[in-house]
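Topology and contacts: notes
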Amino acid sequence: MGKLLEKFPDPLARLIVVVSALVALGAFAYFVLIPKPVKDIEMQWSDAIKREKARPVRYAGFQVCEECHGEIHNKKKTGYHRDLSCETCHGPAKAHAENPDNTKPVIPTARTFCPQCHAYNPSRPRGFPQINPVAHNPLKPCSSCHNPHDPKPPTTPKECSACHGEIARMKAVSHHVQLECTVCHEAPQQHKVSPRSVKPSKPQTREFCGKCHGKDTKEKLAANAPKIDMAEHGEKYVCWQCHYPHSPEVEQ
Amino acid sequence: MNGRRSFLRGFFAVLLSGGAIEGVLKLIPSKAYGKEVARTGKWYGYGVSVDKCIGCARCMDACKNENNVPREPFFVRTWVERYITRKNGQTIVKAIAPGDEAMPEAASDRTILRSFFVPKLCNQCANPPCVQVCPVGATFQTADGVVLVNEKTCIGCRYCIQACPYGARYLHPVSHTADKCTFCYHRISQGQLPACVEVCPTQTRIFGDLNAAASPMSRFLRMNKIHTLKPGLNTEPKVFYANLDGEVR
Amino acid sequence: MNPEIIRTLQELLPQIQGYIYPNEIEIHWGLLIVVYPYITGVVAGAFILASLVKVFNVKEVQPLYRLSLLTALAYLLVAPMALVSHLGHPGRFYEILLTPQTSSAMAMFGFVYAWYLMAVLLLEIWFVHRTDMIDMAENSTGATRLLYRALSLFSKDKGERAVAFDHKALKVITIVGIPSAFLLHGYVGFIFGSIKANPWWSSVLIPIVFLFSAIVSGIALVVLLYMIITPLTGGKINMKCVDKAVDFLFYAVIVDFSLEMVDFIHRVYQSEEEIKILSEMVMNKLFASLIIIQVLLGMLVPLLLISLTKIFKKRFGLNEDMRKMVYFISVILIQFGIFATRWNVVIGGQMFSKSFRGLTTYKMEFGGIEGLLYAIALLALPVVILFVLLKVLPPWKELREEGEAGTEALGGASS
């Protein structure tokens, strides 16, 4: 070895020795000293997956409740809340499902609970039933009129605003405030019970709006309504392509 | 003699440079040069119908319950944004919180043109930038398409949090490791739904196997115009949005 | 649960402007990650200055050769401390060496750093000082003698063959070292520049801008150290050397400024979606650190001052003290400017939301591991280390050659 190293200039020889020693040390440390789990990424990944799968489950899932609470399940099955999981309102119930007598899920009764979904909010989709929690039967618990598992209202709503709050409120501050919804929309009674199964009708032609807004209208209700020449105004478009009927003002 | 030598020289040069190029290519994500990976078995995806969300925030609650996420509002695995676009074109965005007082602007606020809620969560990207940058391989993609974090090996460098374009990641204040939505991996591997999907009252959130031929997921993908968030970044998100408004980032 | 973290975040809530993703309220890369590129920048810059002597044969700056190398080493040793301290689990840092992911720039950087430290810097310093160390071993006793013997790897050969090899090796190492130094700090730029999620960072120019600002800070720092250490150790400042070094500094600042201007103009002209929130951030949150400190005080004022010494050559040429004062002020301003550059890149990149709709704030702590005190300590530590290195491997001989800069044979041989 010494003879071989002598071939190199002194500094190079010494460096070769030092570097080889370091490499050997490093290799020994890596291959011999360091245990497999620390350096094997696949092993680490499969361990992580195992650990992740073993985490505790808190929500039991929508199928589980039916086993013991069949009655309630059947009642809920046809009502407006049929698409909700039990745990949406009752919170995590896995512990209860495994040990029914020890822990009971929450039964929310406060008036602040239902408005979390049902309070009026203009960002909520059209047609979602919304109420003003302050004005709607104040102080009475929601469940006194609405069975949470079949929450149909005690009487079928007469006003469209019960579900179409956003539209009603917008119309209420517009020039169409005096028009009932039914003036333009025919809503079969069935719509109030099963909204998605049958939709109210909507006007189809320009002539419909022309009944009040045409130049030669005889409609009494339209005495103060702005009049236009139906033949000229708006070319080939239908009226609501420009004017939003629930807030038809042209000026800002 | 010369000809043979120069031929051999050229030959080996090509071999070596080819080898070098191959080595460099290994560093580039395979997607970059169009290598397709076969998908067999489960490949989880998620659907969000923006039109159905009522902004009740029960999903946020359920997620924190199920996954031990710190209760403070600074750490979320999923959240819901509220967009209000006014007639002057200005858009305001706010994140809602469970237990928020219903905060409707006065109904007579006639400056509102459009308003809606958008649920957000980790997109479990098929080409995840977070996995690409993790120096120690603590975050990785499982064979069924879920991106997980190995909290035993995460060193807390926060590079993945910087790399996520969607703000889906946070540093867990107790474990000091990166954390994020896992599609409730511990639930879905037992055939259950993620907690957020479980409690959503309006079926805004849908979860399923993208490879399944008949499932809520496949119907969702068939019947809707589908969008993803920030498609220009080529992260290939697996959370698909139906009726996503262009104002959403 | 750490109530400290919660309290800090709670205080940030009212300072949010607009909308940020809920998880973005915490700024993840703070002061330590600002200190880190500053330190590696100095390393790269100091090494480039050293290579000016070796590879480009700029004889005038010969006195700064060994000082630059030792400065580079001192700063390089402190750089990983900033990184490891910042980790959520500093004790797990070794994982980056055992299971590195090849797709991660951060992981690969560990190896670039190791390469640069071992194969370039340490080797170069060893070859430069080998014969000196042999001399110093011969002239000392006891523990000191053992130290020098060990440092020189127990070499005793001062013969022609060995010394010739020293020279050759140095040349090769420096030639390899220049791209390695570029790689070292360019890589840090790439770590930021490759994040497509962040439009403030994601730019092809970021590695280049980082590199040139590194060169600026490195040269400036070595000149500053030279101007402080030389009088403190009873020597006289070699103005020819300093003039030449400041020349290079001047050109480097011009290139750096031009690059940053190009980046700025490019962004504003292209006017992509993020330009609104970025301009808001620059005007509201980064005004002092970017416009005032980075650009005005850190680049324009030094450029102006140094240009003055060139324009009014006669007046400044005669009055050496005036020139020294101008240089001194300029290099100090440049340090602040480059630190502000790092601040604006790192902190700035996290102050705007990726929703492009809001801004948050960085609240710098005073104590604790992410606090100001620790950062100042980390910035002072390389100077302490340099002090030790200068004691062990004194460069005074070379440093003190007045007016004979560069007449020594290339290679910094023993006498």
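Residues numbered from 1 in each chain as written. Chains lettered and ligands numbered in written order. Predicted model: local features only at pLDDT ≥ 70, side-chain atom pairs only at ≥ 80, totals over all residues.

Notes on the overall build of chain C
Threshold: Only DSSP runs of H or I with at least four residues qualify as helices, and only runs of E with at least two residues qualify as strands; both kinds are numbered from the N terminus onward. Both definitions apply: the radius of gyration is a C-alpha atom measure, and the globule rule equals 2.2 Å times residues to the power 0.38. Using C-beta atoms placed from the backbone, we call a residue buried if 20 or more other C-beta atoms fall within 10 Å of its own, exposed if 12 or fewer do, and partly exposed for counts in between. By the convention adopted here, residues make contact when the C-beta atoms placed from their backbones lie within 7 Å.
Across its full length, chain C holds 16 helices and 2 strands. For a compact globule of 415 residues, the expected C-alpha radius of gyration is about 22 Å, and chain C comes in at 23 Å, within 12% of that figure. When the 415 residues of chain C are sorted by exposure, 47% land in the buried category. Considering only residue pairs separated by 6 or more positions, chain C has 80% of its internal contacts joining residues 24 or more positions apart.

Thoughts on the overall build of chain B
Looking only at helices and strands, chain B has 7 helices and 11 strands in total. Going through the 249 residues of chain B one by one, you find that 49% of them count as buried. A separation of at least 24 residues holds for 64% of the contacts in chain B among residues at least 6 apart in sequence.

Remarks on the interface of chain B and chain C
Worth spelling out the cut-off: Classification convention: Asp, Glu, Lys, Arg as charged; Ala, Val, Leu, Ile, Met, Phe, Trp, Tyr, Cys, Pro as nonpolar; all other residues, Gly among them, as polar.
Between chain B and chain C, the contact holds 41 residues from the first and 38 residues from the second. Per-element tally for the side of chain B that touches chain C: the top contributor is helix α4 (residues 159–163) of chain B, with 4 residues. Classifying every residue of the side of chain B that touches chain C by side-chain character gives 27 nonpolar, 8 polar and 6 charged.

A look at helix α15 (residues 372–392) of chain C
Residues and elements named next belong to chain C. Short version of the rule: To estimate how far a helix should reach, multiply one less than its number of residues by 1.5 Å. One axis fitted to the seven residues ending at a residue, another fitted to the seven starting there: the angle between these axes is the bend at that residue.
Taking 1.5 Å of rise per residue, 21 residues should cover 30 Å, and α15 covers 31 Å from first to last C-alpha, within 8% of that figure. At Ala 380, α15 shows its largest bend, some 25°, and a proline, Pro 382, comes one to four positions later. Turning to α15, its buried residues are Tyr 374, Ala 375, Leu 378, Pro 382, Leu 386, Leu 389 and Leu 390. Elements that come into contact with the buried residues of α15 comprise α2 (31–54) and α3 (65–86).

Things to note about the interface of chain B and chain A
Listed per partner, the contact involves 39 residues of chain B and 36 residues of chain A. Class assignment for the residues of the side of chain B that touches chain A results in 17 nonpolar, 13 polar and 9 charged.

A word on the nonpolar core
Here is the rule: The term nonpolar core refers to a set of buried Ala, Val, Leu, Ile, Met, Phe, Trp, Tyr and Cys residues connected through C-beta atoms within 7 Å.
Of all hydrophobic cores here, the largest spans 194 residues; its most connected members are C:Val43, C:Ile219, C:Val223 and C:Ala245. When residues of this core are assigned to their parent elements, the largest contribution, 18 residues, is made by α2(C).

Here we look at the environment of A:Lys50
In this structure, A:Lys50 sits in helix α4 (residues 41–53). Separated by 77 residues in the primary sequence, A:Lys50 and A:Gly127 have C-alpha atoms spaced 45 Å apart.

Some remarks on the confidence of the model for chain B
The cut-off we apply is this: Known as pLDDT, the predictor's per-residue confidence is scaled from 0 to 100.
For chain B, the mean per-residue pLDDT works out to 87, and 81% of the residues sit at or above 70. Note that residues 29–35 of chain B has pLDDT below 50 and, in this model, 6 contacts with residues that lie over four places away or in other chains.

Quick look at the sheet that holds strand β10 (residues 226–227) of chain B
All names here are of chain B. Heads up, the condition is: Should DSSP find at least two bridges between two strands, the strands are taken to pair.
Pairing in this open sheet of 4 strands is mixed, and the strands run β9-β1-β11-β10 from one edge to the other. Of all strands in the sheet, those bounded by a partner on one side alone are β9 (205–209) and β10. Bridge count between β10 and strand β11 (residues 239–242): 2 bridges; the pairing is antiparallel. Residue pairing in the sheet places His 227 in a bridge with Tyr 241 of β11.

A closer look at the packing of helix α9 (residues 239–270) of chain C against helix α11 (residues 287–311) of chain C
All names here are of chain C. Put simply, the rule is: Convention adopted: a line fitted to C-alpha atoms gives each axis, helices being fitted over their contacting stretch, and angles between N-to-C directions are expressed from 0 to 180 degrees. Should an angle fall under 35 degrees it is called roughly parallel, over 145 degrees roughly antiparallel, and 65 to 115 degrees roughly perpendicular, with every other angle called oblique. Here a crossing is called left-handed whenever its near helix is offset anticlockwise from the far helix by less than a right angle, and right-handed whenever the offset is clockwise.
The contact between α9 and α11 brings their axes to 10 Å, and the two run at 140°. For the element pair α9 / α11, the angle class is oblique. Classified by chirality, the crossing of α11 by α9 is left-handed. Listed contacts from α11 to Val 246, Phe 250, Val 253, Ile 254 and Phe 257 of α9 are Met 299, Pro 302, Leu 303 and Ile 306.

Points about unusual backbone geometry
The residue A:Leu139 is not glycine, and still its phi comes out positive at about 75°. Locating A:Leu139 in the fold gives a position in the loop between α8 (115–118) and α9 (165–172). Unlike most non-glycine residues, B:Asn68 shows phi in positive territory, near 55°. Following the sequence through the fold, B:Asn68 ends up in the loop between α2 (58–67) and β2 (78–86).

Describing the pairing of β11(B)
Across 4 bridges, the pairing between strand β1 (residues 44–49) of chain B and β11(B) is parallel. Residue pairing for β11(B): B:Val48 is matched across the bridge by B:Tyr241.

Digging into the sheet that holds strand β3 (residues 91–95) of chain B
Strand pairing within a sheet occurs via backbone hydrogen bonds; the two strands may be parallel or antiparallel. Residues and elements named next belong to chain B. If you trace the 3 strands from one edge of the open sheet to the other, you get β3-β2-β4, paired in antiparallel fashion. Here the strands that pair on one side only, and so sit at the sheet edges, are β3 and β4 (112–121). Shown here is a sheet whose adjacent strand axes are inclined to one another by a mean of 20°, direction ignored. The pairing of β2 with β4 spans 9 bridges and is antiparallel. Counted as the bridge partner of Trp 79 is Lys 120 from β4. Relative to β2, α2 is tilted by about 160°, and along the sheet it contacts β2 and β4.

Here we look at the packing of α2(C) against helix α13 (residues 320–346) of chain C
All names here are of chain C. The contact between α2 and α13 brings their axes to 9 Å, and the two run at 135°. The pairing of α2 with α13 is recorded here as oblique in orientation. Here α2 and α13 pass one another in a crossing that is right-handed. Along the contact surface, α2 presents Ile 33, Val 34, Pro 37, Tyr 38 and Gly 41, while α13 presents Ile 338, Phe 339, Arg 342, Trp 343 and Val 346.

Thoughts on the confidence of the model for chain C
This prediction gives chain C a mean pLDDT of 90; 95% of its residues lie at or above 70. Per the prediction output, this complex has pTM 0.89; the corresponding ipTM is 0.90.

Concerning the environment of B:Ala138
Residues and elements named next belong to chain B. Inspection of the secondary structure puts Ala 138 in the loop between α3 (129–133) and β5 (139–141). Spatially, the C-alpha atom of Ala 138 lies 33 Å from that of Ala 213, the residues being 75 residues apart in sequence. Each residue touching Ala 138, except ones within four places of it in the same chain, is listed here: Val 149, Asn 150, Thr 153 and Cys 154.

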